[in-house]
Amino acid sequence: MNSLSNLLEEINKYKYFVADAKFLSLWPEIHTALKSKKVFCLDSPEENKNFEIYQQAIDFFLSEGITRDSHLIVIGGGATSDFGGFIASTILRGIKWSVVPTTLLAAVDASVGGKVGINHQKGKNLIGSFHLPENNYFYYDFLKTLAEEEMQSGKGEVLKYCFLSQEIFDLVNMEGLSQKTVQACIDYKMQIVEKDFYEKGERIQLNLGHTLGHALEKCENIPHGLCVAWGLEKILELFSPSLLDHFYTSLKKLELTIPEVQKLDKDAFFSYLKSDKKKNIEGEISIIIPRSIGEIEIKKIETKELKDIILSNDNTKNYF
Ligand code: GLY
């Protein structure tokens, strides 16, 4: 989506929306365009993507006459697209939806590939499904109103792609973050998702950096993408130190800063590693290890063995 007027034209064709309240306050053009529409506004999406608000949204759309032919448009960051996509995937047994990602994190990850869901007290995204959006309307200038912390978080996911794709690595190392770089990440993810929608094989590589990153996210209040960048750095330190130079040059090009991590709660960290819904199958975790740029190994490892490796490595043992 190259211009705001094209986006507004698209928006105008539809009636039902889920939108991030804060984003609407920053973009009056969009806010005004939604005045005559049926909009469910989401405040603090990560906190509110839960059962209670899900029920409120379903009540709202049903009472506003949504039908199986309706098409829901979801405007917001990752948590909003998870939530809105989940509404679309479940209401009336599923209706079509499209997404307008408004953050870098949503653009390069959450809005692409149809993973949708809400949180449960026991963990993030534990209720969800796979429901691909029909269209993805990304408008690069939305990033101009993004808070620096959110920008940093999105860059953590971009950094991940540098190790999955030689093309993205080269682009980042030539021009840092740009519209072209973001588009390359989106295209790369789409290509993987087309081959492995239900994450039975190749799609697992998109979890690079997430195994240790999610455990950090559980222990500390650090934005998701920064946890991914930290998790990627640890995986390289533990299993592929020869790629650390590439890690630091890409980090610099992206103007990304890895979070300072102090002592972590050892029990909480390792018990989270053990219970991670996606990666733990019968006591084994799948970790993704870059072997060279664009080449990864998916290694199954016992959680106990990974713990021993982490606690004996000079770079990682001091976190505990
Ligand atoms: N966030 C990883 C995926 O969509 O598969």
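Residues numbered from 1 in each chain as written. Predicted model: local features only at pLDDT ≥ 70, side-chain atom pairs only at ≥ 80, totals over all residues. Heavy atoms only, no water.

> Tell me about the site of the ligand, and please be specific about residues and values.
If you check the shell around the ligand, you find Asp109, Lys115, Lys189, Arg203 and Leu206 and nothing else. Measuring from an oxygen atom of the ligand, one finds a side-chain N or O atom of Lys115 at 2.9 Å. Note that an oxygen atom of the ligand is positioned 2.6 Å from one of the side-chain N or O atoms of Lys189. About the coverage of the ligand: the protein hides 91% of its 200 Å² of free accessible area. Tallied by class, residues from the shell around the ligand come to one nonpolar, no polar and four charged. (Near = heavy atom within 4 Å. Polar contact = N/O pair within 3.5 Å; in protein donor to acceptor, adjacent residues only side chain to side chain. Areas by Shrake-Rupley, 256 points an atom, 1.4 Å probe, with all protein chains shown as cover. Nonpolar A, V, L, I, M, F, W, Y, C, P; charged D, E, K, R; others polar.)

> Residue-level account of the side chain of Thr181, with values.
Along the chain, the position of Thr181 falls in helix α10 (residues 179-195). Here Thr181 falls in the buried class, since its relative accessible area comes to 0%. At 2.8 Å, the side chain of Thr181 forms a polar contact with the side chain of Ser178. (Helix = DSSP H or I, 4+ residues; strand = E, 2+ residues; numbered from the N terminus. Buried < 20%, exposed > 50% of the residue type's maximum accessible area, 1.4 Å probe, protein only.)

> Tell me what's going on with the packing of helix α8 (residues 148-164) against helix α13 (residues 244-253), and back it up with residues and numbers.
Packing of α8 against α13 brings their axes to within 10 Å, and their N-to-C directions diverge by 140°. Here α8 lies oblique to α13, going by the angle between them. Once α8 is placed against α13, the crossing between them reads as right-handed. Of the residues in α13, those touching α8 at Leu159, Cys162 and Phe163 are His246, Phe247, Ser250 and Leu251. Split by residue class, the contact of α8 with α13 holds five nonpolar, two polar and no charged. (Axes fitted to C-alpha atoms, helices over the stretch in contact; angles between N-to-C directions. Parallel < 35°, antiparallel > 145°, perpendicular 65-115°, else oblique. Left-handed = near helix turned anticlockwise from the far one by under 90°. Contact = heavy atoms within 4.5 Å.)

> Give me the packing of aromatic side chains: which residues, what numbers.
In total, this model carries 24 aromatic pairs according to the counting rule given. Ring centres 4.9 Å apart and planes at 80° place the aromatic pair Trp27 and Phe142 in the edge-to-face group. Of this pair, Trp27 sits in the loop between α2 (21-26) and α3 (28-33) while Phe142 sits in the loop between β6 (123-130) and α8, and the two are 115 residues apart along the sequence. The burial state of Trp27 is the same as that of Phe142; both residues are buried. Taking the centre distance of 5.1 Å and the plane angle of 40° together, the rings of Phe270 and Phe320 count as tilted. Taken together, the positions of Phe270 in helix α14 (residues 266-275) and Phe320 in the segment after α15 (303-312) put the pair 50 residues apart, joining distant regions of the chain. Cluster of aromatic residues (ring-pair linked, three or more members): Tyr16, Phe40, Phe60, Phe61 and Phe83. Cation over ring: Lys160 sits above Tyr161, and NZ or CZ is 4.8 Å from the ring centre. (Phe/Tyr/Trp six-rings, centres within 6.5 Å; stacked < 30°, edge-to-face > 60°. Lys NZ or Arg CZ within 6 Å of the ring centre and 35° of its normal.)

Interpretation note: all reported values are geometric properties and have no functional meaning in isolation.
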